[in-house]
Amino acid sequence: METPSQLSAAIHCKCPKCRRGDMFANSMYGFSSQKMNEQCSHCGYTFEIEPGYFYVAMFVSYAFNIAQMVTLAVGLYILTGTRNPWIYVGALLGVSVVLSPFNFRYSRVVLLYWLTPGVHFDPNRARDDYQRIQ
């Protein structure tokens, strides 16, 4: 099996160490809350490096949310030209709620893939015959 690129693995929420195991146990949008796997199903890598590690992902999610809101506000202004603040409040809150599962999931992916020193792809872990350490 060919190992996916870093970008492809990140988009599909795969383990940053082997790029094969899933980081999340369920889909992004569904009736159940999002559940992140504790370990990679392929290589056994523990995603939460230390207790409270994913609190930092809140800052990444905040940056995503700000970028989305600014983009939407500018787009709304260009398309409609309205100055009614309630249109902006309604649209921004609606989009923020709709995109919150996306922000939750990909803030953790960005944190593990690009913002954590020492977490790099290991080609040995990507092998089909890799033996997980229990």
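Shown above is the structure to which this text applies.
What comes next concerns the included structure. On a predicted model such as this, the values are computed, not experimentally measured, just so you know.

What counts, and where the lines are drawn
- Residues numbered from 1 in each chain as written.
- Predicted model: local features only at pLDDT ≥ 70, side-chain atom pairs only at ≥ 80, totals over all residues.
- Heavy atoms only, no water.
- Phe/Tyr/Trp six-rings, centres within 6.5 Å; stacked < 30°, edge-to-face > 60°.
- Helix = DSSP H or I, 4+ residues; strand = E, 2+ residues; numbered from the N terminus.
- Buried < 20%, exposed > 50% of the residue type's maximum accessible area, 1.4 Å probe, protein only.
- Lys NZ or Arg CZ within 6 Å of the ring centre and 35° of its normal.
- Salt bridge = Lys/Arg side-chain N within 4 Å of Asp/Glu carboxyl O.

Evaluated as defined, the whole model comprises six aromatic pairs. With a centroid separation of 4.9 Å and an interplanar angle of 40°, the aromatic rings of Phe102 and Tyr106 are classed as tilted. Placement of both Phe102 and Tyr106 in helix α3 (residues 85-114) is noted, with a separation of four residues, approximately one turn of the helix. Note on Tyr106: relative accessible area 15%, which makes it buried. Note on Tyr113 and Trp114: the rings are 5.6 Å apart at their centroids and 40° apart in plane angle, and the pair reads as tilted. On the accessibility criterion, Trp114 (44% relative accessible area) is partly exposed. Over the face of the ring belonging to Phe121 we find Arg19, whose NZ or CZ atom lies 4.1 Å from the ring centre. Positioned over the ring face of Phe54 is Arg108, at 4.4 Å from the centre of the ring.

Turning our eyes to something else, we now look at the pattern of salt bridges. Under the definition given, this model contains four salt bridges. We note a salt bridge from Lys14 to Asp22, for which the minimum N-O separation is 2.5 Å. When its relative accessible area of 22% is taken as the criterion, Lys14 is described as partly exposed. When the shortest N-O distance is used, the salt bridge between Arg20 and Asp128 registers 2.6 Å. Of this pair, Arg20 sits in the loop between α1 (6-11) and α2 (57-80) while Asp128 sits in the segment after α3, and the two are 108 residues apart along the sequence. Taking relative accessible area as the criterion, Asp128 reaches 56% and is therefore assigned exposed.

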